[in-house]
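Overview (structure and organization)
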Amino acid sequence: LRNARYAVPNPSFTPTYADNIKAITLPPANPVTSGPITICVSGHIDHGKTTLVQTMIKMLDGRKVVLDSGLAEQSRSCTTDVAVVTCKTPSDRTLTILDTPGHEGYSLQLLPALFECDVGVFVVSCKRGEFEDCWGGAGRTHLLSMIRAGVARIVVAVNKCDVGEWEVVGRRVVEFLEKEGVQATACGVSGLNGDNLQNLIKSIEQNCGVRKGKGNKKSFRATISSVSLTGRRVNMQCKVVRGNLTVGETVSVAPAGVCGTVKEVHVGDEAFSAGTVGPGDNVTISVVNMDGERVFSGDVLVRSGDLRTNVFSRRRLVAKVEVKGKTLIKGTELTLVMNALSVSCVVAHVLDGDKRMLRSETRGRCTLVLKRPVCLETYEACKKLGRFLLLDGARIAAVGLVEELL
Amino acid sequence: MKLLSRKISAKDGGGELHVVPELNSDVWHLFNLLESSDQITMSTVRKVKSEGSTGTVRSTKQRLRLTIKMKGKPTYDATTSTLRISGTNVAESSFVKMGAFHTFTLGLNDAIKISKSCWDYVHLERIKSACDFSKSASLAAVVLQQDGLAHVCLITEHMTVTKAKVETSIPKKRSDKAWGTRNQEKQVGKFYRKLYEALVAHVDFKYVQCVLVGGPGFAPGDWMGWVWDEARRCENRSLLEHRDRFVTVRASSGHKHAVDEIINDPAVRGKITETKASRDVAVLD
């Protein structure tokens, strides 16, 4: 039996994690001096993800937030889309929580959230019968999707621990994850009652990786996950991938090429009209003088100067691909998913081995031709903008790294 | 496809066929039919140089009927449904020398006479099915995604033609004041309206017998509900009359390849035949 690392509900729990990085500098009134964390709460249907997030927000911020605010969601009592909430942890770090849908039909909404997060929280219920039901089929697929999307650290929140034995379930899931090569921690919680949430948050913070360097010299990149137009402002919810951006600078959206000036940066409900955002910040950037109709989710925000010197929109690329499911035959139409972007693509040529197909469970290189130009970078240049998933229908067919842009 | 004349000798299988392509798929059939060294006769336009008495060279566009012997394969352009056929001139003409190269552009409703030395059984079957009128009964498919991506396609036996692509940026729901709390609903309404307009514009119920509406999750169901409300509000008779022709199915996304998925799904095929059959029964009654 491998050593399963799991957090025991212990009141004398003392966290030992590396010091935080200063990522967002703000006017003296709101001193925030800690590294931001983005977590993605995912799991099987009805295991308590939305309830858990609501209780966490109540505990951390004291406010009651309704996550399933859409009409369809309230009438069907099921999450249809990803909800984003920002709050502060007890150790003063900005925590952005993405509450995702559990139904298989909404996997297209789940994947962008998985790409965006730093730490993945996998919610599994230890109520009798629920765990066995999900573990046999869809639950494991969910975990595999998380791993394939690139979530390196997962915290397993074993929910409903007031009506079940969480240790057994936690151990099983952690063992499975370690076999797949992912660092995992398990923690028993109760979303409804709020038991042991402090330890969950501490495990999340502990698991959040230390970001290397402040990225001052690197060019600014932020992936846009959602766009909203209010009046003359274009509000873009983005996660900064690398580099820094100051309010007042001119930015452009690739591949459309439209540009505008950054007026404000919102973190949750607070607006900052001066300051800098750095890598890891999950913020809403409010821009003026930009043609909002041409900005879509999945685009990348860059500095205007950058856009003039480099070409950002590509349609053809060479990728190193690892096939996870069935064999991929040359010429199949797949969906390429990366960071809120989903575009139709075709496997144009297979470069290694058998030139007609990419065999199942093997690695190979191939050329992909996309239906429309998108902003991508090679994996060596930028890890977040170079890793993608290929979907065949709703199933993940392969994981790929961009090797070369043609 | 309209067949104007047909003269094929039973002895050696050679002969000529005079056809007029009427639909996009007919042009595609012709593309598969035409081979190198076939003789094609068509009405075409050619720039003819005429020298005046003073020595000035005038170039005028002359419409004439040319017969060419094909060289190589024709080029098919799917977006405009045209074929480019090139070859050398083999018939005597006052304007064009023998052996001169010429390229025909065949579009819809352009008559063409094809002369082959031997007509293959496969080719003849193809022409027969293309001329068959009942094949024009077609299927339409709408695939949509919650994110704001949708395609409206018309499906014939051989091709899927995308008639409209709707792409709207729909913001995620957020409770922040700066984000705009009613924005998501507004954009979703806009998306549904654009898709509804595309449906009304491209789907002609004279030919279309069944409309498949596909998408992940609750997307198709929600949109259909909106469509019926809107149809009742605008009193769109043609849409309301043919309400029974709509079938809601599940697809994996709103991308174009999702259309291929749903039409190949065996459960869906059953539903299609059901709708067609029920409609015929209604006619009998």
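Every chain's residues receive numbers from 1 upward, in the order its sequence appears when written. Here chains are named by letter from A upward and ligands by number from 1 upward, in the order in which they appear as written. Whole-chain, interface and lining totals are the exception, using all residues; otherwise, since this is a predicted model, local features are given only for residues with pLDDT of at least 70 and side-chain atom pairs are given and counted only at 80 or more. For side-chain calculations, the full set of non-hydrogen atoms in the structure is used, while hydrogens and water are omitted.

Observations concerning the overall build of chain A
Only DSSP runs of H or I reaching four residues or more are called helices, and only runs of E reaching two or more are called strands; each is numbered from the N terminus. Helices and strands together make up the secondary structure of chain A, namely eight helices and 23 strands. Residues classed as buried in chain A amount to 55% of the 406 residues present. The contact criterion used throughout is that any non-hydrogen atoms of two residues lie within 4.5 Å. For chain A, restricting intrachain contacts to residue pairs at least 6 apart in sequence, the fraction spanning at least 24 positions comes to 72%. Per-residue and other accessible areas follow the Shrake-Rupley method at a 1.4 Å probe size, with only the shown protein chains counted as cover for residues. About 16,800 Å² of surface is accessible on chain A, with carbon and sulfur atoms providing 49% of the total. Under the scheme applied here, a residue whose accessible area is under 20% of the maximum for its type counts as buried, over 50% as exposed, and between as partly exposed, the area being computed with a 1.4 Å probe on protein chains only.

A closer look at the side chain of Lys116(B)
Residues and elements named next belong to chain B. Note on placement: Lys116 falls in strand β8 (residues 112-116). In the analysis that follows, any N or O atom pair within 3.5 Å is treated as a polar contact, provided that within protein one partner can donate a hydrogen and the other can accept it, and provided that, for residues neighboring in sequence, both atoms belong to side chains. A polar atom in the side chain of Lys116 sits 2.8 Å from the backbone oxygen of Leu33. Those residues in contact with Lys116, other than ones at most four positions away along the chain, are Gly14, Gly15, Leu33, Leu34, Glu35, Asp38 and His123.

A closer look at the sheet that holds strand β3 (residues 94-99) of chain A
Residues and elements named next belong to chain A. Each pair of strands is called paired provided DSSP finds at least two bridges between the two strands. What the six strands build is an open sheet, ordered β2-β3-β1-β4-β5-β6; its pairing is mixed. Strands with a single pairing partner mark the edges of an open sheet, and in this sheet they are β2 (83-88) and β6 (183-188). For this sheet, the mean inter-axis angle between neighbouring strands, taken without regard to orientation, is 25°. Relative to strand β4 (residues 119-125), strand β1 (residues 37-43) runs parallel, the two being bridged by five bridges. Following the sheet pairing, Ser42 is matched in β4 by Phe122. Most of the contacts of helix α5 (residues 138-148) go to β4, to which it runs at about 175°, and overall it touches β1, β4 and β5 (153-159). Lying on the sheet, helix α6 (residues 166-179) is in contact with β4, β5 and β6; it crosses β6 at an angle near 170°. The axes are straight lines fitted to the C-alpha atoms, using for helices just the contacting stretch, and the angles between their N-to-C directions are given from 0 to 180°.

Topic: the pairing of β3(A)
All names here are of chain A. Counted residue by residue, β3 has six buried out of six residues, so it is predominantly covered. Burial along β3 is two-sided: the residues Thr94, Thr96 and Leu98 and Leu95, Ile97 and Asp99 are all buried. Relative to β3, β1 is paired through five bridges, and the arrangement is parallel. What sits directly across from Ile39, in β3, is Ile97.

Description of the nonpolar core
Throughout, nonpolar core names a set of buried Ala, Val, Leu, Ile, Met, Phe, Trp, Tyr and Cys residues whose side chains join them through atoms within 4.5 Å. By size, the foremost hydrophobic cluster in this structure holds 40 residues, and its most contacted members are Val124(A), Leu143(A), Ile154(A), Val156(A) and Val173(A). Once residues lying within four places of it in the same chain are set aside, the contact partners of Ile154(A) are Gly120(A), Phe122(A), Leu143(A), Met146(A), Ile147(A), Leu177(A), Val182(A), Gln183(A), Ala184(A) and Thr185(A). In terms of nonpolar packing, the next biggest core, distinct from the first, is built from 28 residues, Ala164(B), Val166(B), Ala198(B) and Trp228(B) among them.

With respect to the sheet that holds strand β11 (residues 160-167) of chain B
Residue and element names in this part refer to chain B. Strands sit in the order β11-β10-β9-β12-β13 across an open sheet of five strands; the sheet is mixed. Edge positions in the sheet fall to β11 and β13 (246-250), since each of these pairs with one other strand and no more. Direction aside, neighbouring strands of the sheet carry axes that sit 20° apart on average. Those strands touched by helix α3 (residues 183-202) are β9 (138-144), β10 (149-155), β11, β12 (208-215) and β13, and its axis lies near 155° from that of β11. Those strands touched by helix α6 (residues 257-264) are β9, β10, β11, β12 and β13, and its axis lies near 125° from that of β9.

Things to note about unusual backbone geometry
Residues and elements named next belong to chain A. Of note, the amide linkage connecting Ala254 to Pro255 takes the cis form, showing an omega dihedral of 5°. Of note, the phi angle at Asp46 is positive, near 65°, even though the residue is not glycine. Among the secondary structure elements, Asp46 is positioned in the loop between β1 and α1 (49-61). Its relative accessible area of 59% is what places Asp46 among the exposed residues. Phi is positive for Asn289, close to 60°, though the residue is something other than glycine. Tracing the sequence through the fold places Asn289 in the loop between β14 (282-288) and β15 (300-303).

Some thoughts on the packing of α3(B) against helix α4 (residues 219-234) of chain B
Residues and elements named next belong to chain B. One way to put it is that α3 packs onto α4 with a least axis distance of 10 Å and a crossing angle of 70°. Taken as axis vectors, α3 and α4 run roughly perpendicular relative to one another. Here Gly189, Tyr192, Arg193, Leu195, Tyr196 and Leu199 of α3 come into contact with α4, specifically with Ala219, Asp222, Trp223, Trp226, Val227, Glu230, Ala231, Arg233 and Cys234. In terms of residue class, the contact of α3 with α4 is built from ten nonpolar, one polar and four charged. What sets the label is the angle itself: under 35 degrees gives roughly parallel, over 145 gives roughly antiparallel, 65 to 115 gives roughly perpendicular, and the rest give oblique. The residue classification treats Ala, Val, Leu, Ile, Met, Phe, Trp, Tyr, Cys and Pro as nonpolar and Asp, Glu, Lys and Arg as charged. All others, Gly included, are polar.

With respect to the domain arrangement of chain B
Quite often, the size of an interface is put as the accessible area lost when its parts meet. How far each domain reaches was decided by an automatic or database domain assignment. Split into domains, chain B comes out as domain 1 (2-131) and domain 2 (134-284). Between the C-alpha centres of domain 1 of chain B and domain 2 of chain B the distance comes to 39 Å.

Observations concerning the pairing of β4(A)
All names here are of chain A. Burial runs high along β4: seven of the seven residues are buried. Alternating positions in β4 separate into two faces, Val119, Val121, Val123 and Ser125 on one and Gly120, Phe122 and Val124 on the other, with burial throughout. The sheet contact formed by β4 and β5 spans seven bridges and is parallel. The partner of Ser125 across the bridge, within β5, is Asn159.

Overview of the packing of aromatic side chains
Residue and element names in this part refer to chain B. A pair of Phe, Tyr and Trp rings is counted when the ring centres sit within 6.5 Å of each other, with Trp represented by its six-membered ring. The angle between the planes then sorts it: under 30 degrees is stacked, over 60 is edge-to-face, the rest tilted. Taken as a whole and judged by the stated rule, the model has nine aromatic pairs over all chains. Measuring from ring centre to ring centre gives 6.0 Å for Phe191 and Tyr192, while their planes differ by 40°; the resulting arrangement is tilted. Ring centres of Phe205 and Phe246 lie 6.0 Å apart, and the angle between their planes is 50°; this geometry places the pair in the tilted category. Pair noted here: Phe205 is in the loop between α3 and β12 and Phe246 is in strand β13, with a separation of 41 residues, a long-range link. Counting every residue linked through ring pairs, the aromatic cluster contains Phe191, Tyr192, Tyr196 and Trp226. Geometrically, a lysine NZ or arginine CZ counts as sitting over a ring once it is within 6 Å of the ring centre and also within 35 degrees of the ring normal. One Lys or Arg, Lys73, reaches over the ring of Phe31 and ends 5.0 Å from the middle of that ring. Here the basic side chain of Lys116 rests over the ring of Trp119, its NZ or CZ set 5.5 Å away from the ring centre.

Concerning helix α2 (residues 121-131) of chain B
Because each turn of an α-helix spans 3.6 residues, side chains separated by three or four positions in sequence point in the same direction. Residue and element names in this part refer to chain B. Listed in full, the buried residues belonging to α2 are His123, Leu124, Ile127 and Ala130. Projected down its long axis, α2 shows its buried positions confined to an angular sector of 125°, all on one face. In α2, the exposed residues that point more than 90 degrees away from the buried face are Tyr121 and Lys128. The inward-facing, buried residues of α2 abut β1 (2-8), β2 (15-20), α1 (24-33) and β8. Directions from the helix axis toward the C-beta atoms define the arc.

Section: the interface of chain A and chain B
At the junction of the two partners, chain A supplies 42 residues and chain B supplies 28 residues. A buried area of about 3,000 Å², summed over both sides, lies between chain A and chain B, and 47% of it is on carbon and sulfur atoms. Once two parts are put together, the accessible area they lose, assessed with a 1.4 Å probe and summed over both, is termed the buried area. Summed over the three residues of chain A that lose the most area to chain B, namely Arg76(A), Leu108(A) and Phe296(A), the buried surface amounts to 16% of that side. Any Lys or Arg side-chain nitrogen found within 4 Å of a carboxyl oxygen on Asp or Glu counts as a salt bridge. Our count for the contact surface shared by chain A and chain B stands at zero salt bridges. For the interface between chain A and chain B, the tally reads seven residue pairs in polar contact (both at pLDDT 80 or more).

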